[in-house]
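Architecture and fold: a report
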Amino acid sequence: MGVTRWIGGIIGFMAGGPLGALAGYALGYLFDIDPTESSKGSYEDTTREKATYDGQRNSFLFSMLVMASYIIRADGRIMHSEMEFVRNFLRRTFGEAAVSEGQQILLNLFEQRKQMDEQNPMAFKNTIRDCGKQIAINLTYEQRLQLLVFLVEIAKSDGHVCNEEIEALKEVATYMGLSIKEVESMLNLGGNSLEGAYKVLEISPTATNEEVRAAYRRLALKHHPDKVATLGEDIKKAAEEKFQSINNAKEQIYKARGMK
């Protein structure tokens, strides 16, 4: 089978380091390609700019699946609801071709984790830590935020986020150079409570009106969909949904306070 149309070859920053090692297993087995050769000649007829774009996008997508494999197994189980969320997300965001391919990559990563942990129970966790550091170096702050949103949505997909999942999300966020407050903010996206709305804006209910306005401006700037537009329209569309949830939280607080 040739290189998939969805995630492409092993190019971009995932070609080396811990992500490259996992890609050699997860993608090499799936697409029957040599991971050391897959990026050679794949883009001979394209411009350097397009090759750079594809490499960054493919690296983002694979990083997303690697971290998803860690969150899904955080409670020691692979929940049908979580896998179904991933399938629906892939179908909605990237198209039907991505569904079977993305699912097979996840299954390969689960198997790789099993094999690694049989040798050392901390092996896969340490690899995730190193992958997070690699992601932190190579993705922008805003791109990492969007990746974290996806991981949080997986954890929330069965209607309950257990302590193990919360701790795993905090671990991954820290590895990627993000904060615990940002995890708590995203866990409350799409909620209906006023308390949750304050957490979305990463502030306390005792904040002044001016502090509320400043918090919203800060969040709106760092979560603006245009910040991830370089990864493609599908990623930008997902970011727009998150941006709307932030606006809804702001409106809820403004209404409760009588602010304009």
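Residues numbered from 1 in each chain as written. Predicted model: local features only at pLDDT ≥ 70, side-chain atom pairs only at ≥ 80, totals over all residues. Heavy atoms only, no water.

What follows deals with the overall build of the chain. When helices and strands are counted, the chain shows 11 helices and 0 strands. Reading the chain from its N end, one meets helices and strands in the order α-α-α-α-α-α-α-α-α-α-α. Across the 260 residues of the chain, 51% fall into the buried class. Taking contacts inside the chain between residues at least 6 apart in sequence as the whole, the part at least 24 apart equals 74%. Just so you have it, the chain exposes about 12200 Å², and 50% of that area is on carbon and sulfur atoms. (Helix = DSSP H or I, 4+ residues; strand = E, 2+ residues; numbered from the N terminus. Buried < 20%, exposed > 50% of the residue type's maximum accessible area, 1.4 Å probe, protein only. Contact = heavy atoms within 4.5 Å. Areas by Shrake-Rupley, 256 points an atom, 1.4 Å probe, with all protein chains shown as cover.)

We now examine the packing of helix H6 (residues 141-156) against helix H8 (residues 180-187). Contact pair H6 / H8: the axes reach a minimum separation of 9 Å and the direction vectors enclose 50°. On the basis of their axis angle, the class for H6 and H8 is oblique. Of the two elements, H6 crosses H8, and the hand of that crossing is right-handed. Within the contact between the two elements, H6 uses Tyr141, Leu145, Leu148, Val149, Val152 and Lys156 and H8 uses Glu182, Val183, Met186 and Leu187. Of the residues contributing to the contact of H6 with H8, the split by class is 8 nonpolar, no polar and 2 charged. (Axes fitted to C-alpha atoms, helices over the stretch in contact; angles between N-to-C directions. Parallel < 35°, antiparallel > 145°, perpendicular 65-115°, else oblique. Left-handed = near helix turned anticlockwise from the far one by under 90°. Nonpolar A, V, L, I, M, F, W, Y, C, P; charged D, E, K, R; others polar.)

Let's shift gears to H6. Taking 1.5 Å per residue, 16 residues should reach 22 Å; H6 reaches 23 Å between its end C-alpha atoms and fits that length. The buried fraction of H6 is high, at 13 of 16 residues. (Expected span 1.5 Å × (residues − 1).)

The biggest cluster of nonpolar side chains holds 77 residues, and the ones touching the most others in it are Phe62, Met67, Leu151 and Leu201. Among residues more than four places away in sequence, those in contact with leucine 201 are Val212, Ala215, Tyr216, Arg218, Leu219, Ile246, Ala249, Lys250 and Ile253. (Core = buried A, V, L, I, M, F, W, Y, C linked by side-chain atoms within 4.5 Å.)

Our focus in this paragraph is the packing of helix H5 (residues 123-138) against helix H7 (residues 163-175). In contact at an axis separation of 7 Å, H5 and H7 are set at 45° when each is read in the N-to-C sense. It follows from the interaxial angle that H5 and H7 lie oblique. For the pair H5 and H7, the contacting residues are Lys125, Ile128, Arg129, Gly132, Lys133 and Ala136 in the first and Glu171, Val172 and Tyr175 in the second. Across the contact of H5 with H7, the residue classes break down as 4 nonpolar, 1 polar and 4 charged.

On to the environment of valine 152. Residue position: valine 152 is located in helix H6. For the pair valine 152 and glutamate 184, spaced 32 residues apart in sequence, the C-alpha to C-alpha distance is 9.5 Å. Setting aside residues no more than four positions away along its own chain, valine 152 makes contact with Leu169, Met186 and Leu187.

Of note, glutamate 82 is situated in helix H3 (residues 80-94). Notably, glutamate 82 is buried but unbridged: the nearest opposite-charge side chain belongs to arginine 77, and the N-O separation is 7.3 Å. Once residues within four sequence positions are removed from consideration, glutamate 82 is found in contact with Ile72, Ile154, Ser157 and Glu165. (Lys, Arg positive; Asp, Glu negative; His and termini not counted. Salt bridge = Lys/Arg side-chain N within 4 Å of Asp/Glu carboxyl O.)

One pair of aromatic rings is described through two measures. These are the centre distance and the angle between the planes. Scanning the model with the defined rule gives 3 aromatic pairs in all. Residues phenylalanine 85 and phenylalanine 89 carry aromatic rings whose centres are separated by 6.3 Å and whose planes lie at 20° to one another, so their mutual orientation is stacked. Of this pair, phenylalanine 85 and phenylalanine 89 both sit in helix H3, 4 residues apart, which is roughly one turn of the helix. Accessibility classification places phenylalanine 85 together with phenylalanine 89 in one group, the buried group. The structure contains a cluster of three or more aromatic residues connected by ring pairs, namely Phe85, Phe89 and Phe150. Residue placement shows lysine 250 over the ring face of tyrosine 216; its charged tip is 4.9 Å from the ring centre. Across from the ring centre of tyrosine 254, 5.0 Å away, lies the NZ or CZ of lysine 250, which sits over that ring. (Phe/Tyr/Trp six-rings, centres within 6.5 Å; stacked < 30°, edge-to-face > 60°. Lys NZ or Arg CZ within 6 Å of the ring centre and 35° of its normal.)

With the rule as written, the count across this model stands at 14 salt bridges. Between arginine 87 and glutamate 84 there is a salt bridge, with its nearest N and O atoms 2.8 Å apart. With arginine 87 and glutamate 84 both in helix H3, this residue pair falls 3 residues apart, about one helical turn. Accessibility expressed as a relative area gives 28% for glutamate 84, which makes it partly exposed. A salt bridge links glutamate 210 to arginine 217; the shortest N-O distance between them is 3.3 Å. With a relative accessible area of 45%, glutamate 210 lands in the partly exposed category.

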